[in-house]
Each structure stands twice: as C-alpha cells, then as structure tokens.
Amino acid sequence: MFQTRRAIPRIFAMTDSRFSYTLDSTLETVDTAEQTASRIAADAGFDEDEVMRISMAVREAAVNAVLHGNAYDPNKKVRLDFENRGRDLIITIRDQGCGLDVSRIPDPLAPENLLKTSGRGIFLIRSFMDEVQIRPSQTGTEIQLIKHVHGPSAGGKEASREHED
Amino acid sequence: MSMKISTRQVDGVTIVDCSGRITLGEGSVTLRETVVQLLGKSQKKILLNLGDVNYIDSSGIGELVSAFTTVRKQGGDLKLLNLTKKVHDLLQITKLYTVFEVKDDEASAVKSFN
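No experiment lies behind these values; they were computed from the predicted model shown. (Residues numbered from 1 in each chain as written. Chains lettered and ligands numbered in written order. Predicted model: local features only at pLDDT ≥ 70, side-chain atom pairs only at ≥ 80, totals over all residues. Heavy atoms only, no water.)

Colleague: Summarise the pattern of salt bridges; cite the residues concerned and give the values.
Modeller: Residues and elements named next belong to chain A. A complete count under the given rule lists 21 salt bridges over all chains for this structure. A salt bridge links Lys77 to Asp24, with the nearest nitrogen and oxygen atoms 2.3 Å apart. You can see Lys77 sitting in strand E3 (residues 77-84) and its partner Asp24 sitting in strand E2 (residues 18-24), a full 53 residues away along the chain. Residue classification places Asp24 among the partly exposed positions, given a relative accessible area of 35%. With a shortest N-O distance of 2.9 Å, Glu142 and Arg135 are connected by a salt bridge. (Salt bridge = Lys/Arg side-chain N within 4 Å of Asp/Glu carboxyl O. Helix = DSSP H or I, 4+ residues; strand = E, 2+ residues; numbered from the N terminus. Buried < 20%, exposed > 50% of the residue type's maximum accessible area, 1.4 Å probe, protein only.)

Shown next, in the form of structure tokens:
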C-alpha cells in the first residue's frame with residue numbers, strides 16, 4: 001500500500017473525499033492509476049468484484065490517455081481525479097492529446113470486429129461503470145467515470161438507519 | 001505480479017501454463033513471443049492454461065485474439081483451459097467466449113485436438 005503511494009509522483013490536492021494526481025505518459029502511470037482506483041474503491045465500500053471492475057475501467061481509461069491521447073509524449077501529462085461524493089465515486093482522467101472521436105470507434109461486439117486485436121477499451125469502461133462521459137477538455141480529452149455506491153459499507157449504513165428508525 | 005509462462009508437451013499438444021496478469025506491456029509481449037516461438041518449432045496444437053491468470057485487460061484480450069488468429073492462419077489450433085471466473089466473465093461480455101474453444105479438463109482438452 002505504501003509502495004503504491006510512493007509510486008505516485010505528484011499530488012495536487014488531497015482531502016478526505018478528493019484525490020488528484022498529475023502523472024507522466026508512461027506505462028507505470030497505467031499501473032498506478034489502476035492501483036490507486038482499487039484502493040479508493042475499496043475504501044469507498046465497494047465489494048471485491050466492483051473494485052475489480054472500477055480499477056479495470058480506470059486502467060483502460062489511463063491506457064487511452066497515455067497511448068492514444070498523449071502518445072507517450074514526455075511533455076504531456078495525465079491528470080487523474082478521484083472524488084467520493086458519498087453515493088457516487090467519480091473518477092476523471094484527462095489527457096493532453098488531439099482528442100478522441102468516440103463515434104469512430106467500431107462496435108467490438110459486431111461479428112466483423114470480434115477478431116480485432118484492439119478497440120475494446122471504451123466498451124469495457126462502459127460495461128463496468130454506471131455512467132461514462134467522454135468529452136473534449138481545454139487541453140485534450142476528458143473521460144469521467146461514475147460508479148454509484150452499492151457496497152457493503154453503504155448498505156450497512158442504510159440498514160443501521162432503518163434499524164434505528 | 002507479472003506474467004509467467006512455462007510449456008510442456010502432452011500427446012503432441014503444447015500446453016502453455018500461464019500465471020499472473022496478461023496486460024499491456026510485459027504480459028502481452030510474453031504471450032506473443034511464446035506463441036511465435038512455438039509456431040517456429042511447428043508446434044501448432046496449443047492449449048493455453050489460464051487457470052492461474054487472475055487479470056486480463058483489453059490489451060491482454062487482444063493478445064489472446066491475436067494468438068488465436070495467428071495459430072489458425074498457420075493451420076493450427078489454439079484452445080483455452082481453466083478460465084478463472086474473472087476471465088470467463090470478460091470473454092462473455094466481449095462475446096469472445098463463443099469464438100474460443102474453452103475447456104475445463106486438461107485430459108479431454110488434449111484429446112480434442114486429435
């Protein structure tokens with residue numbers, strides 16, 4: 001756990017519910033994004049399967065930012081924001097690339113695309129998260145991932161409130 | 001945990017035991033190189049044992065597809081053995097479960113190549 005935190009080079013701001021990082025355009029960033037998402041999702045009360053889905057979605061978004069957005073350019077950064085709003089975990093990944101035209105990404109489930117070796121990242125992100133927004137930002141592309149909290153801790157709070165009532 | 005691969009021969013079939021993660025970078029490259037080496041030795045009946053693979057990302061999925069199509073193009077066959085629930089679910093949602101021949105018993109999987 002401490003190794004994961006040390007691997008993160010720069011922390012912009014850190015409060016109880018919000019974490020922001022600026023990372024280099026490297027494969028290490030992809031792993032860091034995944035590990036950080038996994039830790040924050042677990043802390044937010046998601047169960048093991050949901051933690052895996054969230055961390056995989058963040059990994060795929062980070063891959064897009066590093067490879068397709070910033071194209072490994074050492075002068076370009078990836079910005080990663082995690083915000084826990086109680087009922088929602090909101091994760092935003094921004095790159096400094098040329099933009100992503102989602103409409104041009106072929107449907108990976110179409111029979112003619114099933115044997116393609118790439119093009120499943122956005123599909124997996126959409127499959128694993130409750131809401132996904134992809135839009136141009138001032139500097140490149142911004143992808144926002146939202147997962148509603150249904151984990152044991154959230155459920156536990158609901159249950160105990162009902163019990164108190 | 002990075003990916004580890006070892007190979008063994010059973011009745012003319014090459015069983016590739018994989019463990020760890022098949023992800024962008026090291027894991028995908030290791031798998032690709034292994035398949036290329038096997039084809040170079042005309043070992044074209046390949047059974048990928050994924051029982052100890054606990055994580056695959058979209059690049060890893062792409063690498064499995066690439067290995068499958070590469071082997072098929074050379075007249076061979078590549079099948080999957082012992083999927084974990086996570087990998088099974090990934091192949092289901094990407095509709096690849098019907099593309100690959102998936103086995104859960106090594107002996108019958110080996111026999112199915114002949």
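Okay, back to it.
Colleague: Can you tell me about the packing of aromatic side chains, naming the residues and giving the values?
Modeller: Two measures describe an aromatic ring pair: the distance that separates the ring centres and the angle between the ring planes. Inspection of the entire model under this criterion finds 2 aromatic pairs over all chains. An angle of 70 degrees between the planes, with centres 6.2 Å apart, marks the rings of Tyr21(A) and Phe82(A) as edge-to-face. Placement of Tyr21(A) in strand E2 and of Phe82(A) in strand E3 is noted, with a sequence separation of 61 residues between them. On the accessibility criterion, Tyr21(A) (2% relative accessible area) is buried. With a relative accessible area of 1%, Phe82(A) lands in the buried category. Centroid distance Phe68(B) to Phe100(B): 5.2 Å. Interplanar angle 65 degrees. Geometry classified as edge-to-face. One end of the pair, Phe68(B), is in helix H2 (residues 58-73); the other, Phe100(B), is in the loop between helix H3 (85-93) and strand E5 (102-103), and 32 residues separate them in sequence. (Phe/Tyr/Trp six-rings, centres within 6.5 Å; stacked < 30°, edge-to-face > 60°.)

Colleague: Which residues make up the interface of chain A and chain B, and what values do they have?
Modeller: Listed as interface residues are 22 residues of chain A and, on the opposing side, 21 residues of chain B. The largest share of the area that chain A buries against chain B comes from Arg59(A), Leu115(A) and Arg120(A), three residues that together contribute 27% of it. In this assembly, chain A and chain B are joined by 2 salt bridges. Arg59(A) is the salt-bridge partner of Asp57(B), the closest N and O atoms lying 2.9 Å from each other. Scanning the region where chain A abuts chain B turns up 3 residue pairs in polar contact (both at pLDDT 80 or more). (Contact = heavy atoms within 4.5 Å. Buried area = accessible area lost by both parts, 1.4 Å probe. Polar contact = N/O pair within 3.5 Å; in protein donor to acceptor, adjacent residues only side chain to side chain.)

Colleague: I'd like a description of the environment of Glu131(A), backed by residues and values.
Modeller: Residues and elements named next belong to chain A. Relative to the assigned elements, Glu131 resides in strand E5 (residues 131-136). Residue Glu131 is classed as partly exposed on the basis of its relative accessible area of 35%. Between the alpha carbons of Glu131 and Thr36 there is a distance of 20 Å; along the sequence they are 95 residues apart. Filtering out sequence-adjacent residues up to four positions away, Glu131 remains in contact with Gln144, Leu145, Ile146 and His148. A distance of 3.4 Å separates polar atoms of two side chains, one belonging to Glu131 and the other to His148.

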